[in-house]
Amino acid sequence: MARMAGRRVLFAVPVLGVVTFGVFAVAAASPFDPVKAYAGTAGLTASQENLDQLRANLGVDQPLVARWWDWLASALRGDLGDSSVMRQPVADVIAERMGWSVLLAATAFLVAILLGTGLGVLAARRPGGWLDRCVSSAAYTLEAAPAFWLGLLAIWFFALKLDVLPAGGLTDAGSDVVTFGQVASHLVLPAAVLGVSQLPWFFLYVRQGVADALAEDPVRGARARGLSERTVLLGHALRSGMLPMLTLIGSRVPELITGALLVETVFSWPGIAAATVEAATSVDFSLLAALTVLATAAVLLGNLLSDLLYGLADPRVAFDG
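A brief structural summary. As the structure is a prediction and not an experimental result, all values here were calculated from the model. (Residues numbered from 1 in each chain as written. Predicted model: local features only at pLDDT ≥ 70, side-chain atom pairs only at ≥ 80, totals over all residues. Heavy atoms only, no water.)

Moving on: the packing of helix α5 (residues 90-125) against helix α11 (residues 253-266). Running from N to C, α5 and α11 point in directions that differ by 115°, and their axes come no closer than 11 Å. The two elements α5 and α11 cross, and the hand of that crossing is right-handed. Residues Ser101, Leu104, Ala105 and Phe109 of α5 pack against Leu256, Val263 and Glu264 of α11. In terms of residue class, the contact of α5 with α11 is built from five nonpolar, one polar and one charged. (Axes fitted to C-alpha atoms, helices over the stretch in contact; angles between N-to-C directions. Helix = DSSP H or I, 4+ residues; strand = E, 2+ residues; numbered from the N terminus. Left-handed = near helix turned anticlockwise from the far one by under 90°. Contact = heavy atoms within 4.5 Å. Nonpolar A, V, L, I, M, F, W, Y, C, P; charged D, E, K, R; others polar.)

Structure below.
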């Protein structure tokens, strides 16, 4: 296990380097001007000399490779630079917002895994039954539904029509303190929408895996020995049927990150979505590179977690082979 994790870390180093360079290259080719975005309305009346001086102060007058290398060298020393659009250090921007994004993504992922596994097991017990047909149809429908559309639909129904849940934000309007109750109530809709958008994949994988496991000879033998259906299902079929789903956890991380950005925007959740959008449109090199590195690292860690979980669940898998 340690050797595999070490190889993955060594592989991640050049990947993150290439990704950061790609961010600077794409940003350099962007039609957005970081100087005008930083200056705002004052840039409309500023002289060219002032704009050039501001461009030098921001460091965007340097060649692409020089800007990337300066940022990378500073990042390796623990200095992520300053955000030109947020007007504060990049580390502070991430520290203020990352916790809320992690809370939303983790809650949604837990909802998707628990509901997807439970419904998948129930549907696999009786393939072709009414529950299987209903849930499978809903899963295929949700698979094609964009997360932002589900979010808008949830706001219309639960916040506007029923008025049982807040439409967005982190706290109630006019509140100047953050309480657990307010955060919990405001978390319900975005976490449910993001979780439901990920649920179809877990349901379909678990349903197929458990259904295949129930048809295998060891499971049939367990039933022939007189074991209860619950023991057969939970002790034999579920463990075998869950193996394909474990590999899905890592592969869904990119989709989870993308969905989280959309859901945060729809529900005005104070995570990294707004910072990412502003960094992209304002060509904020330092903030954009740092957020991209975090997203890439999350994907790599997700893939590593999938392999570790698969190996722990199936002893036949060799970590160091």
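With that settled, the discussion passes to unusual backbone geometry. Of note, aspartate 163 is a non-glycine position whose phi angle comes to about 55°, a positive value. Tracing the backbone through its elements, the reader meets aspartate 163 in the loop between α7 (147-161) and α8 (180-214).

So, on to the pattern of salt bridges. Scanning the entire structure with this criterion turns up one salt bridge. The partner of arginine 207 in a salt bridge is aspartate 132, and the shortest N-O contact between them spans 2.6 Å. On the criterion of sequence distance, the pair formed by arginine 207 in helix α8 and aspartate 132 in helix α6 (residues 130-143) is long-range, its members being 75 residues apart. Taking the relative accessible area as the measure of exposure, aspartate 132 reaches 4% and is therefore buried. (Salt bridge = Lys/Arg side-chain N within 4 Å of Asp/Glu carboxyl O. Buried < 20%, exposed > 50% of the residue type's maximum accessible area, 1.4 Å probe, protein only.)

Take the side chain of glutamine 198 next. Relative to the assigned elements, glutamine 198 resides in helix α8. What glutamine 198 contacts, discounting residues up to four positions off in sequence, is Ala112, Arg252, Glu255 and Leu256.

Attention now goes to the nonpolar core. Counting 39 residues, the largest nonpolar core has Leu104, Leu194, Phe202, Val210 and Val263 as its most contacted members. Elements supplying a minimum of two residues to this core: α5, α7, α8, α10 (229-251) and α11. No other element matches α8, which puts ten residues into this core. Val90, Val93, Ile94 and Ala279 belong to the second largest nonpolar core, which has 20 residues in total. (Core = buried A, V, L, I, M, F, W, Y, C linked by side-chain atoms within 4.5 Å.)

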